[in-house]
Amino acid sequence: MKRPKLRKASKRLSCAKRYKIQKKVREHNKKLRKDAKKKGLKKHVKKDLGVPNSAPFKEEVLREAEQRRLQIEEEKERKRQAKKEERAQKRKKEKEAAVKETDPSAKKARKDTTANKSEKPSGPNKSSKQHLCNELNKVIDASDVVIEVLDARDPLGCRCPQLEEAVLLKGSNKKLLLVLTKIDLVPKENVEKWIKCFQREFPVMAFKGSTQIRDKTVKAKRRRVVASNEVLDKSKGAACFGNDCLAELLTVYAAKTQSEAALKVGIVGFPNVGKSTLINSLKGMMACHVGITKGTTKTMQEVHMSKTVKLMDSPGVVASPSNSAASMAMRSLQVEEGQESVMDAVNTLLKQCDKSQIMLQYNIPDFKNSLEFLTLFAKKRGYLQKGGVPNTEQAANTFLTDWTGAKLSYHCKVPGSYSLPSYMTDAVVTEMQNGWDLDKVKEGNKETLKGVKFPNLSSSISFVSRGPTAGLLTVSATPDEPPSTEGEEQHSDEDDEPEQSESHETEELEEPQEPVTDKPRQVRFQSAPVDISLSTVYTDDAYDFNTDFK
């Protein structure tokens, strides 16, 4: 069957479109002529009139012009031949290289050269625990004053006894100062109680950092006219309280030392407590990178606050695996290291809080378990996958980000009977508080608490703190296994007794051999009878058909 010919599209245009195109072309040509006129260019090149007949020696001039033309053509031909020879040599080299690739001996030599290049020593892994501990120890050794940053939502859980003891063992030359950050997320009464509690040991400063500090390379746009009724930005994120008092306190202490070198102040603490934000607020610009995820700061960084004070940022303290699951999940430490799933961390956090407060905070209905909570939370936020299935993993990540970041308001109650740690003797307390103007610290805290807008006690989630979190200053201090609960310890002791008796019998019969490593213990499960009849199944929503046929 013959294929029918397709008609070509017509090139006819409407008059309005044709006139519009012609107008655009005229304007374009006019613009080109204008630009050429400005640059002094002429559109029409003057025609070469040649040699007039009346000119003397006309034949000689024409002969010279012809010779010049021939010379130019010969030069062009010579260049063309040179380029052709270059291309031929290049093709020849490519063929030789292809032959060498097919030769096995040439392949082996090339592999040896690449292997030697790959054997170059690689740099240290900045995310390793060894590197983070070394950088933290550098900051402690180099600093004259160590500021331990505590999250005001769980200040007792943010304290590291190993870190404080290491600073105190360095001698009386080093001072330790506690700073409560994120106080705008905690009720005012709770902040005052924690300040009063910690003042028995070290000087305590309340601080609220600014989260909207620009980079030093970003400059604000200059306005020609400044409004007379312009209002300063005093929003919750831009406002900063406590920075003037803290900076003045450090400057006065630097003047008391009477040393020519600047006072070195080390900023330490667990991840996501606000160390870099504290430095940026004191400096007044973005001097350190800030992030919600753990490990944003990986090396020691020096920032000059003034001529007499130098701040040193440090990576977060590495938490010990011996800590409880609740204290680790509070800062999502095991989740980011890959030791615990996001779902398990959310389940642990929900067990520590009151269900009614969680429901009011996130505006969701009643739930039975963590999976149902994440399903409702995902529907509320619109985290849906293909087919309208709630994305519980994204909801869990958002929930953990709210807890670690400066967004969610929660607080822990001050323990009624708080006793000082064993390393905090009366002599150490007086030594740590000596040299600071404590009256000025109290006045600064009062001014800071007056300016900050605190949340209500009813709108903040309350939980019970698990106590100080153990940290690692050396990687060798990492225990092999986390401690078990009391019930598990009893069961393990009971299981060990028959094993020990059997081992004694074998030792008497056999000769001593090489030491054998401990084998991992196996958990033994006892089978229990399970009734799987229909009467035991929960059938509240099901219809019982037997009622119609009795």
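Refer to the preceding data block for the structure.
Source: prediction; values computed, not measured. (Residues numbered from 1 in each chain as written. Predicted model: local features only at pLDDT ≥ 70, side-chain atom pairs only at ≥ 80, totals over all residues. Heavy atoms only, no water.)

A. Structural context of a nonpolar patch on the surface. A surface patch of nonpolar side chains, about 240 Å² in accessible area, is lined by Leu13, Ile21 and Val25. As for its placement among the helices and strands, Ile21 is situated in helix 1 (residues 15-39). (Patch = residues over 30% accessible without salt bridge, like charges linked within 9 Å, V, L, I, M, F, W, Y side chains within 5 Å. Areas by Shrake-Rupley, 256 points an atom, 1.4 Å probe, with all protein chains shown as cover. Salt bridge = Lys/Arg side-chain N within 4 Å of Asp/Glu carboxyl O. Helix = DSSP H or I, 4+ residues; strand = E, 2+ residues; numbered from the N terminus.)

B. Representation of a positive patch on the surface within the structure. A contiguous patch of positive charge on the surface is contributed by Lys79, Lys83, Lys84, Arg87, Arg91 and Lys95. Counting through the fold element by element, Lys84 comes out in helix 2 (residues 58-102). Its relative accessible area of 46% is what places Lys84 among the partly exposed residues. (Lys, Arg positive; Asp, Glu negative; His and termini not counted. Charge placed at Lys NZ, Arg CZ, Asp CG, Glu CD. Buried < 20%, exposed > 50% of the residue type's maximum accessible area, 1.4 Å probe, protein only.)

C. Just the pattern of salt bridges, in detail. In total, this model carries 12 salt bridges according to the counting rule given. Arg80 is paired through a salt bridge with Glu77; the nearest N and O atoms lie 2.3 Å apart. Of this pair, Arg80 and Glu77 both sit in helix 2, separated by three residues, roughly a single helical turn. Judged by its relative accessible area of 46%, Arg80 falls in the partly exposed class. Taken together, the salt bridges that share partners define one network made up of Glu66, Arg69 and Glu73.

D. Examining helix 1 more closely. Here helix 1 is 25 residues long and its end C-alpha atoms lie 36 Å apart, about the 36 Å a rise of 1.5 Å per residue gives. Phi turns positive one or two residues past the end of helix 1, at Gly40, with a value near 85°. (Expected span 1.5 Å × (residues − 1).)

E. Quick look at the sheet that holds strand 6 (residues 309-313). Strand order in the open sheet formed by six strands is 3-2-1-4-6-5, with mixed pairing between adjacent strands. Each edge of the sheet is formed by a strand with only one pairing partner; in this case those strands are strand 3 (204-206) and strand 5 (301-304). Between one strand axis and the next, the sheet turns by 25° as a mean value, whatever way the strands run. Of the pairings in the sheet, the one linking strand 1 (residues 145-151) to strand 2 (residues 175-181) comprises seven bridges and is parallel in character. Its bridge partner being in strand 2, Val149 is matched across the sheet by Val179. (Pairing = 2+ DSSP bridges. Axes fitted to C-alpha atoms, helices over the stretch in contact; angles between N-to-C directions.)

F. Molecular detail of the pairing of strand 6. In terms of burial, strand 6 is largely enclosed, as five of its five residues are buried. Side chains Val309, Leu311 and Asp313 project from strand 6 onto one buried face, and the interleaved Lys310 and Met312 project onto a second face that is buried too. Here five bridges tie strand 4 (residues 263-268) to strand 6, and the two strands are oriented parallel to one another. From the neighbouring strand, Ile267 faces strand 6, where its bridge partner is Asp313. Hairpin connection of strand 5 to strand 6: four residues between the antiparallel strands.

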